[in-house]
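An overview of the molecular structure
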Amino acid sequence: MRALDGKVAVVTGSTSGIGLGIARALAAQGCAILLNGFGEAPMIARLRDRLADEHGVRVAYDGADMARPEQIAAMIEHATGELGRVDILVNNAGIQHVAPVHEFPVERWDAVIAVNLSAAFHAIRAALPQMLERNWGRIVNIASAHGLVASVHKSAYVAAKHGLLGLTKVVALETATTGVTCNAICPGWVLTPLVQKQIDDRAAREGLPVAEAKRALLAEKQPSQEFVTPEQIGALTVFLCSEAAAQIRGAALPVDGGWTAQ
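Residues numbered from 1 in each chain as written. Predicted model: local features only at pLDDT ≥ 70, side-chain atom pairs only at ≥ 80, totals over all residues. Heavy atoms only, no water.

**Some words on the pairing of strand S5 (residues 137-142)**
Of all the 6 residues making up S5, 6 are buried; the element is thus mostly covered by neighbouring parts of the structure. Burial along S5 is two-sided: Gly137, Ile139 and Asn141 and Arg138, Val140 and Ile142, pointing in opposite directions, are all buried. Looking at chain direction, strand S4 (residues 88-91) and S5 are connected through 4 bridges and run parallel. What sits directly across from Leu89, in S5, is Ile139. Pairing of S5 with strand S6 (residues 180-187), which is carried by 6 bridges, proceeds in the parallel orientation. Residue Gly137 lies in a different strand from S6, and its bridge partner there is Val180. You can see the chain leave S5, run along helix H5 (residues 155-174) and come back into S6, and the turn it takes is right-handed. (Buried < 20%, exposed > 50% of the residue type's maximum accessible area, 1.4 Å probe, protein only. Helix = DSSP H or I, 4+ residues; strand = E, 2+ residues; numbered from the N terminus. Pairing = 2+ DSSP bridges. Right-handed = clockwise from strand over helix to strand, strands pointing away.)

**Points about helix H6 (residues 193-206)**
With 14 residues, H6 should cover 20 Å at 1.5 Å per step; its first-to-last C-alpha distance of 20 Å lies within 8% of that length. Restricting attention to buried positions, one finds in H6 the residues Val195, Gln198, Ile199, Arg202 and Ala203. Buried residues along H6 cover an arc of 135° about the axis, so they all sit on one side. Turned more than 90 degrees away from the buried face of H6, the exposed residues are Pro193, Lys197, Ala204 and Arg205. (Expected span 1.5 Å × (residues − 1). Arc of directions from axis to C-beta.)

**Quick word on the pattern of salt bridges**
Considering all chains together, one arrives at 11 salt bridges under this definition. A salt bridge links Glu220 to Arg202; the nearest nitrogen and oxygen atoms lie 2.9 Å apart. Linking Glu220 in helix H7 (residues 210-221) with Arg202 in helix H6, this pair joins segments that are 18 residues apart in sequence. Exposure remark for Arg202: the relative accessible area of 11% places this residue in the buried category. When salt bridges with common partners are traced through the structure, they connect Arg202, Arg205, Glu206 and Glu220 into a single cluster. (Salt bridge = Lys/Arg side-chain N within 4 Å of Asp/Glu carboxyl O.)

**Notes on the packing of aromatic side chains**
The description of two aromatic rings rests on the distance between their centres and on the angle between their planes. Considering all chains together, one arrives at 2 aromatic pairs under this definition. Between Phe104 and Trp109, the ring centres sit 6.4 Å apart and the planes meet at 85°, which makes this aromatic pair edge-to-face. Phe104 gets classed as buried once you look at its relative accessible area, which sits at 10%. Note on Trp109: relative accessible area 34%, which makes it partly exposed. Seen in terms of ring centroids, Trp189 and Trp259 are 5.3 Å apart; in terms of plane orientation they differ by 40°. Their pairing is tilted. Here Trp259 lies in the segment after strand S7 (252-255) and Trp189 lies in the loop between S6 and H6, a separation of 70 residues in the sequence. (Phe/Tyr/Trp six-rings, centres within 6.5 Å; stacked < 30°, edge-to-face > 60°.)

Laid out in structure tokens, this is it:
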């Protein structure tokens, strides 16, 4: 028996990066998975087949846009209908935009808040009733070191991630006497496509080789001088879904190479 045999997990933003690492880790422990995210249909089909074949679990996909509340609710219904239930919800989908506050485009602010914060509320609201009915559930919100500290030019992202930690605590308190837990993981720099874009932009802006821009990014924030990996975030998610973590509630767990210890 694997630790999560028979459970069903919805992981948003899971066709690449951190979300895919989490989906793989949960599938390896026996979870059926509903993937969500962007990608061409053939790529997503290959991803579903590979996960299913490697781990012997059912894998579904829903292309819900995390900026659309009605699509988020429909995604939870889809997972329940196709896979039978939703036991684990991982709110991971995220977008970024960088600009000074006084130059920040209003539409980008609204989009970042919608995807990085409001989407988690809508997904939790849709999934929580069935978790409470069964008296078991795990909600894991993928926040950020930027949920604990700030950086310049990231007003929307920092606001959303701080808000996500607040939401995590409220849900944890409201479910404190039940078998449902809600916690947040706060990664530092993870070498995802989102972060690679920031590295590439920095290299272009400062006239640096990409490798040097990567080293500069780490040196600025992350004392370990190493990127966090999606596999590490996946392993922590699996732990939070285990019985060993049943009394971890409302926590914001940094995985950041020492970033927030400074």
